[in-house]
Amino acid sequence: MQKIHLTRAGHDRLKEELSHLKKVERPATIQAIATAREHGDLSENADYSAAREKQGFIEGRINELEDKLARAEVMTKPTDNLDMVQFGAMVKVKDDKGKELTYQLVGELEADISQGSLSTASPIGRALMGKKAGDMIDIITPGGEKTYHVLAVSY
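This write-up is about the structure you can find in this document. Just so we're clear, the structure is a prediction, and the values are computed from it rather than from any experiment.

Within the protein chain one finds three helices and seven strands. Its C-alpha radius of gyration of 22 Å places the protein chain more than 25% over the 15 Å reference for a compact globule of 155 residues. Its C-alpha atoms give the protein chain principal-axis dimensions of about 70 × 35 × 25 Å. Of the contacts made within the protein chain by residues no fewer than 6 positions apart, 52% connect residues no fewer than 24 positions apart. Carbon and sulfur atoms make up 50% of the accessible area of the protein chain, which totals about 9600 Å². Taking the 22 positively charged and 25 negatively charged side chains of the protein chain as two groups, their mean positions are separated by 4 Å.

Structure (structure tokens):
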């Protein structure tokens, strides 16, 4: 069983979503199905069909979240080598065009580049791991070769 690396915040978001699905969405959908059943012929009842479809989606998402949480390993803040890029680090870099960017290195499940969360499995994330402020990295991306200067590392 492959572990899923998560930050504490990412783990908490998954638990919160699971709880919401179980405590709010599932009961509301069950009630919608019951209400739709009261309207008679189920073969031509659009409300019933929609509620059953939603129930399937909710149950699938619950199963998916339970699996991910069972395999989750919450990564804690490192206690040594804090000047080095490790999981969870906030890394400020300058690209070869002079643009400064800040990323947090997270697991694949939490990665969202638009929010500044970069997967440790991505080409840039892999190249940053183990680097320190002042280091230069060259990365080959689908858009061509890029150079980054690591400006700062924090946790």
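Among the nonpolar cores identified, the biggest contains 16 residues, and Val85, Val91, Val93, Leu128 and Tyr148 are the most heavily contacted of them. For this core, the elements supplying multiple residues, two or more each, are β3 (90-95), β4 (100-106), α3 (123-128), β6 (136-141) and β7 (144-154). Look past the residues within four positions of Val85 in its chain and what remains in contact with it is Val91, Leu105, Leu128, Met129, Gly130, Lys131, Val153 and Tyr155. Residues Ile4, Leu6, Leu14 and Leu69 belong to the second largest nonpolar core, which totals ten residues.

Right, let's get into the layout of surface pockets. Of the volumes computed, that of the largest pocket is approximately 240 Å³. Surrounding the largest pocket, 17 residues form its lining, Thr7, Ala9, Gly88, Gln104 and Val106 being those nearest its centre. Elements with a minimum of two residues in the lining of the largest pocket: α1 (8-37) and β4. The volume enclosed by the second largest pocket comes to roughly 190 Å³.

Pairing in this open sheet of five strands is mixed, and the strands run β5-β4-β3-β7-β6 from one edge to the other. The sheet is open, and its two borders are formed by β5 (117-119) and β6, each paired with just one other strand. Taking the axes of each pair of neighbouring strands and ignoring which way they run, one obtains an average angle of 45 degrees across the sheet. By the bridge criterion, six bridges tie β3 to β7 in an arrangement that is antiparallel.

To continue, consider the environment of His39. Among the structural elements, His39 can be located in the loop between α1 and α2 (46-71). Overall, the relative accessible area of 56% leaves His39 in the exposed class. Between the C-alpha atoms of His39 and Leu82, which are 43 residues apart in sequence, the distance is 63 Å.

Turning our attention to α2. With 26 residues, α2 should reach 38 Å at 1.5 Å per residue; the first-to-last C-alpha distance of 38 Å fits that figure. Every buried residue belonging to α2 is among Tyr48, Ala51, Gln55, Ile58, Arg61, Ile62, Leu65, Lys68, Leu69 and Arg71, and all of these are buried.

Another point: the environment of Ser154. Looking at where Ser154 falls in the secondary structure, it is placed in strand β7. Look at Ser154 and you get partly exposed, because its relative accessible area is 36%. It is 19 Å that separates the C-alpha atoms of Ser154 and Glu110, two residues lying 44 residues apart in sequence. Each residue touching Ser154, except ones within four places of it in the same chain, is listed here: Ala89 and Met90.

Thresholds applied
Residues numbered from 1 in each chain as written. Predicted model: local features only at pLDDT ≥ 70, side-chain atom pairs only at ≥ 80, totals over all residues. Heavy atoms only, no water. Helix = DSSP H or I, 4+ residues; strand = E, 2+ residues; numbered from the N terminus. Rg over C-alpha atoms; globule rule 2.2 N^0.38 Å. Contact = heavy atoms within 4.5 Å. Areas by Shrake-Rupley, 256 points an atom, 1.4 Å probe, with all protein chains shown as cover. Lys, Arg positive; Asp, Glu negative; His and termini not counted. Charge placed at Lys NZ, Arg CZ, Asp CG, Glu CD. Core = buried A, V, L, I, M, F, W, Y, C linked by side-chain atoms within 4.5 Å. Buried < 20%, exposed > 50% of the residue type's maximum accessible area, 1.4 Å probe, protein only. 1 Å grid on protein atoms, 1.4 Å probe; cavity = no way out; pocket = protein on both sides within 12 Å on 5 of 7 lines; lining within 4 Å. Points joined across faces, edges and corners; volume = space filled by probe spheres on them. Pairing = 2+ DSSP bridges. Axes fitted to C-alpha atoms, helices over the stretch in contact; angles between N-to-C directions. Expected span 1.5 Å × (residues − 1).

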